[in-house]
Amino acid sequence: QVQLVESGGGLVQAGGSLRLSCAASGRTFSNYAMGWFRQAPGKEREFVATISWSGSITYYADFVKGRFTISKDNAKNTGDLQMNSLKPEDTAVYYCAAHNSGRPITTIARQYAYWGQGTQVTVSS
């Protein structure tokens, strides 16, 4: 089992920045790839970014490319999502997730075995 706890959400004005953190405990986090997903009210959960277990491979949804950066610190058992140039449409609950499915990265939510409880990000216009 891997337990994940997100932090760092909050209210920010459009154009601002937030840094989300995901703290992992339980099994060796370095063995797991990590992803970030988000869910806005009335919408389905969607993929945001993912990083391989070693941190050497990253992949982003088109709508965050150039604005968000995913990172992973296996020594500290943490993963971060740096979000810059935030837009009102980025408002959502953000979830970190972990998998060791054998694929270095994946954008498919059902392939992630472990999920955090989510943290609210609200971007005002």
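Structure's up top.
These remarks concern the structure in this document. (Residues numbered from 1 in each chain as written. Predicted model: local features only at pLDDT ≥ 70, side-chain atom pairs only at ≥ 80, totals over all residues. Heavy atoms only, no water.)

**Quick notes on the pattern of salt bridges**
Next, step 1: Per the counting criterion, the structure on display carries five salt bridges.
Next, step 2: For the salt bridge of Glu46 with Arg38, the shortest nitrogen-to-oxygen distance reads 2.7 Å.
Next, step 3: The partly exposed category is assigned to Glu46, whose relative accessible area is 31%.
Next, step 4: Overall, the relative accessible area of 5% leaves Arg38 in the buried class.
Next, step 5: Among the salt bridges present, the one from Arg38 reaches Asp90, with a minimum N-O distance of 2.9 Å. Of this pair, Arg38 sits in strand S4 (residues 33-39) while Asp90 sits in the loop between strand S8 (78-83) and strand S9 (92-99), placing them 52 residues apart in sequence.
Next, step 6: A residue is classified by how much of its surface remains accessible, and Asp90, at 1% relative accessible area, is buried.
Next, step 7: Through salt bridges with shared partners, a single ionic network connects Arg38, Glu46, Arg67 and Asp90. (Salt bridge = Lys/Arg side-chain N within 4 Å of Asp/Glu carboxyl O. Buried < 20%, exposed > 50% of the residue type's maximum accessible area, 1.4 Å probe, protein only. Helix = DSSP H or I, 4+ residues; strand = E, 2+ residues; numbered from the N terminus.)

**Quick look at the state of the cysteines**
Next, step 1: All told, the structure shown has one disulfide when counted by the stated rule.
Next, step 2: Across the disulfide from Cys22 sits Cys96; the S-S distance is 2.1 Å. Between Cys22 and Cys96 the disulfide shows an S-S torsion of about 55°. By sign, it is right-handed. Taken together, the positions of Cys22 in strand S3 (residues 18-26) and Cys96 in strand S9 put the pair 74 residues apart, joining distant regions of the chain. For the pair formed by Cys22 and Cys96, the shared burial category is buried. (Disulfide = S-S within 2.5 Å.)

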